[in-house]
Amino acid sequence: MAVWDDVVGQDRVTAQLAAAARDADAIVTADSALAGAPQDTPAPAGQTGASQMTHAWLFTGPPGSGRSTAARAFAAALQCVSPDRALGGAPGCGFCDGCHTSLVGTHADVEIVRTDLLSIGVKETRDLVRRAALSPAGGRWQVIVLEDADRLTEGAGNVLLKAVEEPAPRTVWLLCAPSIEDVLPTIRSRCRHLTLRTPPVSAVADVLIRRDGIEPAAAETAARATQGHIGRARRLATDERTRARRAAVLKLPMRVDDIGGCLKAAQELIDAAGEDAKQVADEVDTKETEELRAALGAAAGTGGRLPRGTAGAMKELQDKQKRRATRTQRDSLDLALSDLTGFYRDVLALQMGASVPLANDEVRDNIQRIAASSTPERTLRRIEAVIACRGALDRNVAPLLAVEAMTAALRAG
């Protein structure tokens, strides 16, 4: 299976990346020949014109489009050491050691950077820049995949700019962000930009069946419900808890008939998001704390007291865990708001007589009821209220206040 097989519904992008990987392979081959090293693969026959390879790439696209998947696949193709290349095969076989270790995240020269915090700071970015300045330890390229480039602080972006502006030889930066506006203009102007689209529902259902073993009917339902969001479709198809949460969110439009119902629905959304954050904390925070205490010499059975001068490290970990809890709560709320937007999208489709299939066909009765008792103008105002709530959460408005304002606006229409 080639590394591109998991990049769903992005034929144009994969064609560009495959061409760049071939040119990158030729560059490594030529450098090896000039250095007197054995030539492990010949340059592609008939290669002419400008190289498709460059040192910095920016992958943008809507959530669920597979930005990080495409970046990882490209990283694997750059590290491909398949002997088939000597016979004219394209890099990115998916089976060789370079491809396999890159895809699973264990390749020594592929750094996968993601964050479960609200932002990526200067300290972490400086560590990445130092890593990028090193020569490949054993692979063909030094590859840095930054999955959340939109979360770089302004200071961190300025630190990264120098490395992207003056890259080290054989270093490739792969940045991922929802849109080009989420990245500093000075950085994006130095990257080759690739735009991914939302994959077709049929393509997402196919990959769920093929890769995850989901039953066809369940895969089709999950893909349609999430409107092509690959990650959410997989969670919805495999996690009963996720399905229960989504079902509860889709009942919310029927519960905002009065102010009391609005406030109660808002509180339940916040409580559910808080429960998600607590679950992550229970799974991760205790383990992290015990590991740090052990590293500082205060493990269980040693009296439990931290050595002098180490309280700062513990405080830094607690701050990190608090930021992660905030991020988890926001992500959970954002997922609920996305489902709510999809509900009103279906309402609007019925009101306008559109021929598109409903994303939430399992609650068609409720959708028809709302559509019959409202107007397209009111539905649009309700969609705008959900979008405004998401914007308020991004601006650090207190979550309960933002959601209460939204539910009140949904009632008013």
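Because the structure is a prediction, the values reported are computed rather than measured.

The next point concerns the environment of S135. Tracing the backbone through its elements, the reader meets S135 in the loop between α4 (122-132) and β3 (142-146). Assessed through its relative accessible area of 59%, S135 is described here as exposed. In this structure, the C-alpha to C-alpha distance between S135 and P376, residues 241 residues apart in sequence, is 59 Å.

A few words now on the packing of helix α14 (residues 376-394) against helix α15 (residues 399-412). Between α14 and α15, the least distance of the axes is 9 Å, while the angle of their chain directions is 175 degrees. When the interaxial angle is binned, α14 and α15 end up roughly antiparallel. Taking contact as the criterion, the partners of R378, R382, A385, V386, C389, A392 and L393 in α14 are, on α15, P399, A402, V403, M406, A409, L410, R411 and A412.

This part takes up the packing of aromatic side chains. For the structure shown, the criterion picks out two aromatic pairs. Taken together, a centroid distance of 5.1 Å and an interplanar angle of 70 degrees make the contact between W57 and F74 edge-to-face. One end of the pair, W57, is in strand β1 (residues 56-60); the other, F74, is in helix α2 (residues 67-78), with 17 residues separating them in the sequence. For the pair W57 and F74, a shared accessibility class is recorded, and that class is buried. Here F343 and Y344 contribute two aromatic rings whose centre-to-centre distance is 5.4 Å and whose plane-to-plane angle is 85 degrees, an arrangement assigned as edge-to-face. Of the two residues, F343 and Y344, neither departs from the other in class, the shared state being buried. When the ring centre of W141 is taken as reference, the NZ or CZ atom of R170 above it lies at 5.9 Å.

Time to look at unusual backbone geometry. Positive phi, close to 65 degrees, is recorded for R170, a residue that is not glycine. Following the sequence through the fold, R170 ends up in the loop between α5 (154-165) and β4 (171-177). On the basis of relative accessible area, R170 is assigned to the partly exposed category, the value being 23%. In this model, Q227 sits at a positive phi of 55 degrees, which is unusual for a non-glycine residue. Relative to the helices and strands, Q227 resides in the loop between α8 (216-225) and α9 (230-238).

The next thing to look at is the sheet that holds strand β2 (residues 110-113). With parallel pairing, the five strands of this open sheet are ordered in space as β2-β3-β4-β1-β5. What marks the edges here is a single partner per strand, and that holds for β2 and β5 (192-195). Taken pair by pair, the neighbouring strands of this sheet meet at an average axis angle of 15 degrees, ignoring direction. Inspection of the sheet shows β2 paired to β3 by four bridges, in the parallel sense. When the sheet's bridge partners are listed, I112 is paired in β3 with V145. Seen against the sheet, α2 touches β1, β2, β3 and β4 and runs at an angle of roughly 165 degrees to β4. Docked against the sheet, α4 engages β2, β3 and β4, running at close to 155 degrees with respect to β3.

Turning our eyes to something else, we now look at α9. Taken as a whole, α9 has its buried residues at I230, R232, A233, L236 and A237. All buried residues of α9 fall inside an arc of 165 degrees around its axis, so they share one side. On its buried face, α9 sits against α7 (201-212), α8, α10 (240-250) and α12 (311-352).

On to the environment of E275, then. Structurally, the position occupied by E275 is in helix α11 (residues 259-295). Through-space distance from the C-alpha of E275 to that of S332 is 9.5 Å; in sequence the pair is 57 residues apart. Dropping the residues within four chain positions of it, E275 is found in contact with R241 and R245.

Right, let's get into the pairing of β1. Most of β1 sits out of view: five of its five residues are buried. Alternating positions in β1 separate into two faces, A56, L58 and T60 on one and W57 and F59 on the other, with burial throughout. The sheet contact formed by β1 and β4 spans five bridges and is parallel. Residue pairing across strands places T60 opposite A177, the latter belonging to β4.

Our next topic: the packing of α10 against α12. The interhelical angle for the contact between α10 and α12, taken along N-to-C directions, is 50 degrees, at an axis separation of 9 Å. As the angle between them shows, α10 and α12 are arranged oblique. Here the hand of the crossing between α10 and α12 comes out right-handed. The residues of α12 that touch α10, namely those facing R246, V249 and L250, are A336, D339, L340 and F343. When the residues that make up the contact of α10 with α12 are grouped by side-chain class, the tally is five nonpolar, no polar and two charged.

Right, let's talk about the confidence of the model for the protein chain for a bit. Within the protein chain, residue pLDDT values average 87, and 93% of them lie at 70 or more. Ranking the elements of the protein chain by mean pLDDT puts α11 last, at 84, and β1 first, at 96. Scored below 50 in pLDDT, residues 37-49 shows 22 contacts in the model against residues more than four places distant or in partner chains.

Note on soluble globular proteins: their nonpolar side chains tend to be buried together. Among the nonpolar cores identified, the biggest contains 35 residues, and L17, W57, F59, F74 and L174 are the most heavily contacted of them. Broken down by secondary-structure element, the contributors of at least two residues to this core are α1 (11-34), β1, α2, β2, β3 and β4. Tallying contributions element by element places α2 first for this core, with eight residues. Not counting residues within four places of it along the chain, the set of residues in contact with L174 comprises W57, F59, A71, F74, A75, V143, I144, V145 and L146. Grouped together as the second largest cluster of nonpolar side chains are 32 residues, V363, I367, A385 and M406 included.

What counts as what
- Residues numbered from 1 in each chain as written.
- Predicted model: local features only at pLDDT ≥ 70, side-chain atom pairs only at ≥ 80, totals over all residues.
- Heavy atoms only, no water.
- Helix = DSSP H or I, 4+ residues; strand = E, 2+ residues; numbered from the N terminus.
- Buried < 20%, exposed > 50% of the residue type's maximum accessible area, 1.4 Å probe, protein only.
- Axes fitted to C-alpha atoms, helices over the stretch in contact; angles between N-to-C directions.
- Parallel < 35°, antiparallel > 145°, perpendicular 65-115°, else oblique.
- Contact = heavy atoms within 4.5 Å.
- Phe/Tyr/Trp six-rings, centres within 6.5 Å; stacked < 30°, edge-to-face > 60°.
- Lys NZ or Arg CZ within 6 Å of the ring centre and 35° of its normal.
- Pairing = 2+ DSSP bridges.
- Arc of directions from axis to C-beta.
- Left-handed = near helix turned anticlockwise from the far one by under 90°.
- Nonpolar A, V, L, I, M, F, W, Y, C, P; charged D, E, K, R; others polar.
- pLDDT = per-residue confidence, 0-100.
- Core = buried A, V, L, I, M, F, W, Y, C linked by side-chain atoms within 4.5 Å.

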